[in-house]
Amino acid sequence: KETSYGRVSLSYEFLPKQYWITMSKTAAQYRLPENIPQYNKTFLVEDAFALADAAINFGSYDGIALTTGYATRISGGQGFPGVSFQTKNGVAKGVSLELGNSSGNALVMAHELGHSLFGLEDLYVFLNPSRPSVPDPVPAGSWDMMSDSARGFFGWSKFLNGWLDGQQVRCITNQSVSVHYLESLEISNKEPKLLLINLQEGVTIGI
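A quick note: this is a predicted structure, and the numbers were derived from the prediction, not measured. (Residues numbered from 1 in each chain as written. Predicted model: local features only at pLDDT ≥ 70, side-chain atom pairs only at ≥ 80, totals over all residues. Heavy atoms only, no water.)

Undergrad: Looking at this structure, I do not really get the sheet that holds strand S5 (residues 95-100). What am I missing?
TA: Taken in spatial order, the 3 strands make up an open sheet running S1-S5-S2, and their pairing is mixed. Looking at which strands have only one partner, the edges of the open sheet turn out to be strand S1 (64-67) and strand S2 (75-80). Strand-to-strand twist across the sheet, computed as the mean angle between neighbouring axes with direction ignored, equals 10°. Here S1 runs beside S5; their pairing, made up of 4 bridges, is parallel. (Pairing = 2+ DSSP bridges. Helix = DSSP H or I, 4+ residues; strand = E, 2+ residues; numbered from the N terminus. Axes fitted to C-alpha atoms, helices over the stretch in contact; angles between N-to-C directions.)

Undergrad: What exactly am I supposed to notice about the packing of aromatic side chains here?
TA: Going through the model one piece at a time under the given rule, you end up with 9 aromatic pairs. Between Phe49 and Phe85 the ring centres are 5.7 Å apart and the planes differ by 40°, which places this aromatic pair in the tilted class. Taken together, the residues Phe49 in helix H1 (residues 42-51) and Phe85 in strand S3 (residues 85-86) connect sequence positions 36 residues apart. Phe85 matches Phe49 in its accessibility class, with the two residues each being buried. (Phe/Tyr/Trp six-rings, centres within 6.5 Å; stacked < 30°, edge-to-face > 60°. Buried < 20%, exposed > 50% of the residue type's maximum accessible area, 1.4 Å probe, protein only.)

Undergrad: Would you explain the environment of Asp144 in this entry?
TA: Mapped onto the fold, Asp144 is located in the loop between helix H2 (106-116) and helix H3 (155-160). Residues Asp144 and Asp122, 22 residues apart in the sequence, show an inter-C-alpha distance of 9.7 Å. For Asp144, the contacting residues outside a window of four places in its chain are Leu123, Ala150, Gly152, Phe153, Phe154 and Ser157. A distance of 2.8 Å separates a polar side-chain atom of Asp144 from the backbone nitrogen of Met146. (Contact = heavy atoms within 4.5 Å. Polar contact = N/O pair within 3.5 Å; in protein donor to acceptor, adjacent residues only side chain to side chain.)

Shown next, in the form of structure tokens:
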């Protein structure tokens with residue numbers, strides 16, 4: 001609510017324990033302990049919905065967060081932006097998944113909500129077997145929730161989410177020298193908060 005300037009307010013409803021499920025396969029069969037980078041876990045989500053009680057109307061929610069039990073040898077999450085899952089009762093949308101020691105972690109859940117509810121992309125460099133390390137895997141640092149453990153969003157992410165209106169964004173083209181004063185993103189007012197400098201088609205610097 002704070003980072004969206006009051007435009008978004010989230011409330012959670014936790015399923016009663018009687019509706020919690022035991023998955024049909026082990027963690028090893030789902031290959032979860034291997035912690036494979038960017039491993040698509042869509043099939044795990046489909047299994048969970050197939051096992052869920054038909055009394056749960058998943059279609060009545062804007063988003064669904066699936067979490068496993070806590071486990072130290074498994075971690076990670078995945079958001080499914082733009083993906084809908086057919087369930088026994090309604091279509092589930094805005095789905096995110098948190099696993100192992102990421103279950104119940106507020107920062108991980110917020111990050112995955114950034115994907116599943118707002119369609120934002122990761123702001124870090126993907127690691128994979130052919131490129132096991134990079135100089136800085138999180139070039140956005142802790143400045144944005146889609147990067148590394150941030151409490152808020154870049155001005156650009158807020159702009160994409162529709163949380164900044166026209167008077168809070170300045171767009172510059174064909175201008176080599178100008179002076180601009182920007183208000184902190186943490187302050188909720190109507191002052192300019194984002195400066196966009198268009199260099200060429202498809203290339204813009206955001207400040």
